[in-house]
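Breakdown of the fold
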Amino acid sequence: MGRCIIASSSTLNLTRLSRKPISILPSELPTFSFARSSTANPRPLKHEFYPTLPSAFSCRRGLCTKAVLSDVSEEKQYFKVGAESTGPIPSDRLLAVIEIAAKTGAQVIMDAVNKPRNITYKGLTDLVTDTDKMSEAAILDVVKKNFQDHLILGEEGGIIGNSSSDYLWCIDPLDGTTNFAHCYPSFAVSIGVLYKGKPAAASVVEFVGGPKCWNTRTFTAAAGKGAFCNGEKIHVSQTDKVERSLLVTGFGYEHNDPWATNMELFKEFTDISRGVRRLGAAAVDMSHVALGIVEAYWEYRLKPWDMAAGVLIVEEAGGTVSCMDGGKFSVFDRSVLVSNGVLHSKLLERIGPATEKLKDKGIDFSLWYKPENYHTEI
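Now for a quick tour of the structure. All residue numbers refer to position in the chain's written sequence, counted from 1. At least 70 in pLDDT is required for a residue's local features to be given in this predicted model, at least 80 for side-chain atom pairs to be given and counted, and no such filter applies to totals for whole chains, interfaces and linings, which use all residues. Note that water and hydrogens are dropped before the side-chain values are worked out from all heavy atoms of the structure.

1. Some points on the overall build of the protein
Scanning the protein for helices and strands turns up nine helices and 17 strands. Each residue is assigned to one of three classes by its accessible area relative to the maximum for its type, calculated with a 1.4 Å probe on protein chains only: buried under 20%, partly exposed between the two thresholds, exposed over 50%. In the protein, buried positions account for 56% of the 378 residues. Accessible surface area values rest on a Shrake-Rupley calculation with a 1.4 Å probe, where residue burial reflects the displayed protein chains alone. Taken as a whole, the protein presents about 16,000 Å² of accessible surface, with 50% of it coming from carbon and sulfur. The secondary structure listing takes helices from DSSP runs of H or I that are at least 4 residues long and strands from runs of E that are at least 2 residues long, numbered from the N terminus.

What follows is the structure, encoded as structure tokens:
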């Protein structure tokens, strides 16, 4: 199970993706530290709750905005979402494969990013491209060559592999397909590996720039080993006031009660913070929290492949992860809030009660998309 074989450079063509040469690991991986594994291929690719407290008002130049003046302390401890370890497979080996797999999918996307799209629809506005499918196929090829006995959950291909495995690969071959279809810069390849149901290793390759200037940056993390961007360790921000924060959220394709509730949250937080962004790619949003350029991100109705990588990267960067009611999170949950940790309880003052109201309406927040017979410790 611990055996790891990395595909050769002739099949991956990674060098054309990088500004600087990327070293390809040999077929039999030597023992090396996490720090070396995270820098071996780091180059940018080229081509309970607290009650709601009263709001105060502050005015500046005649414009009034509600300000959050919460004195809630950060004494509450939230459950860790990451696995205690990567299991019998050493973290450096698992990370080596996950990075190669993510960059292989990114190569497919880079090849297609400036070409016409062939678009089909899974719903009225929920679209999929040939690139999604080709990226997933390329990723699966890497995973299967290295870990034939692992279970895989792909956004496009569903469940394949051995359900008795302790490892579950959650693969989003193109997170932010609508953005990709429009050449709008906020999409990524996202791969998270669970060990007994908990995130153990992760890689997100984010596409940045835009038409004629596309580039990428790679986020990685392993349980207990920290989070990295292009091989450099990253940490969440230390901003401790909501009114000084830049926040991010997302909206699903179903315009239902959770969607309407989040619209209200969007308006509330826009009024009391420096702003709320909606970029359209969950893995990218969470990676930005880990990088410290935004303070928090939340959304209802995400899938495991949307969250498995991002939540681990945030946690390993020093952030906090929970459900939107403040409860213990798993990647099979139907809501997620990630933050820099300092602001988590303050954000839950508003997000928590809104989510409880949805539960009181009978909205289902039970676990979903959990593969049948897959053993977890959650």
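Text resumes after the structure shown.
2. Digging into the side chain of Ser203
Tracing the backbone shows Ser203 in strand S9 (residues 198-208). Since its relative accessible area comes to 0%, Ser203 is described here as buried. Engagement of the side chain of Ser203 in a polar contact is seen with the backbone oxygen of Phe219, the distance being 3.5 Å. Leaving out residues up to four positions away in the same chain, Ser203 has contacts with Ile98, Glu99, Ala102, Val189, Ser190, Ile191, Thr218, Phe219, Thr220 and Ala309. N or O atoms closer than or at 3.5 Å make up a polar contact, with two conditions inside protein: a donor-capable atom paired with an acceptor-capable one, and, for residues adjacent in sequence, both atoms drawn from side chains. The contact rule is simple, with two residues in contact once any of their heavy atoms fall within 4.5 Å.

3. Side note on the packing of aromatic side chains
Geometry of aromatic contacts follows a simple scheme: Phe, Tyr and Trp rings, the Trp one being its six-membered ring, pair when their centres are within 6.5 Å, and the pair is stacked under 30 degrees between planes, edge-to-face over 60, tilted otherwise. Applying the stated criterion across every chain yields a total of 11 aromatic pairs. Taking 5.5 Å as the distance between ring centres and 80° as the angle between the ring planes, the aromatic pair formed by Phe180 and Phe187 counts as edge-to-face. Judged by its relative accessible area of 0%, Phe180 falls in the buried class. A relative accessible area of 0% places Phe187 in the buried class. Centre to centre, the rings of Phe269 and Trp298 are 5.1 Å apart; their planes meet at 50°, and the pair counts as tilted. Within this pair, whereas Phe269 is found in helix H6 (residues 257-272), its partner Trp298 is found in strand S15 (residues 296-300), the two being separated by 29 residues in sequence. Both residues of the pair, Phe269 and Trp298, count as buried. Of note, Arg301 hangs over the ring of Trp368, and the distance from its end group to the ring centre comes to 6.0 Å. Of note, Lys328 hangs over the ring of Phe79, and the distance from its end group to the ring centre comes to 5.1 Å. Only when the NZ atom of a Lys or the CZ atom of an Arg is both within 6 Å of the ring centre and within 35 degrees of the ring normal do we say a charge sits over the ring.

4. Comments concerning the nonpolar core
Residues belong to a common nonpolar core when they are buried Ala, Val, Leu, Ile, Met, Phe, Trp, Tyr or Cys residues joined through side-chain atoms within 4.5 Å. Counting residues in each nonpolar core, the largest one holds 43 residues, and the members touching the most others are Tyr297, Val311, Phe329, Val336 and Val338. A per-element tally of this core places helix H8 (residues 304-316) first, with eight residues. Discounting residues that sit within four places of it in the chain, Phe329 has contacts with Val81, Met307, Val311, Val321, Ser322, Cys323, Ser335 and Val336. In terms of nonpolar packing, the next biggest core, distinct from the first, is built from 36 residues, Val97, Ile139, Phe147 and Tyr167 among them.

5. Considerations on the sheet that holds strand S14 (residues 275-277)
Note: two strands are recorded as paired if DSSP finds a minimum of 2 bridges between them. Taken in spatial order, the five strands make up an open sheet running S14-S13-S15-S17-S16, and their pairing is mixed. Of all the strands in the sheet, just S14 and strand S16 (320-322) have a single pairing partner and so form its edges. Each strand axis lies, on average, 20° off the axis of its neighbour in the sheet, ignoring direction. Of the pairings in the sheet, the one linking S16 to strand S17 (residues 335-339) comprises three bridges and is antiparallel in character. Every axis corresponds to a line fitted to the C-alpha atoms, with the helix fit spanning only the stretch in contact, and the corresponding angles, defined between N-to-C directions, vary from 0 to 180 degrees.

6. Some words on helix H7 (residues 282-291)
Across the 10 residues that make up H7, a large majority, nine, are buried. All of the buried residues along H7 are Ala282, Ala283, Val284, Asp285, Met286, Ser287, His288, Val289 and Ala290. In the stretch just after H7, Gly292 is the one whose phi turns positive, near 85°.

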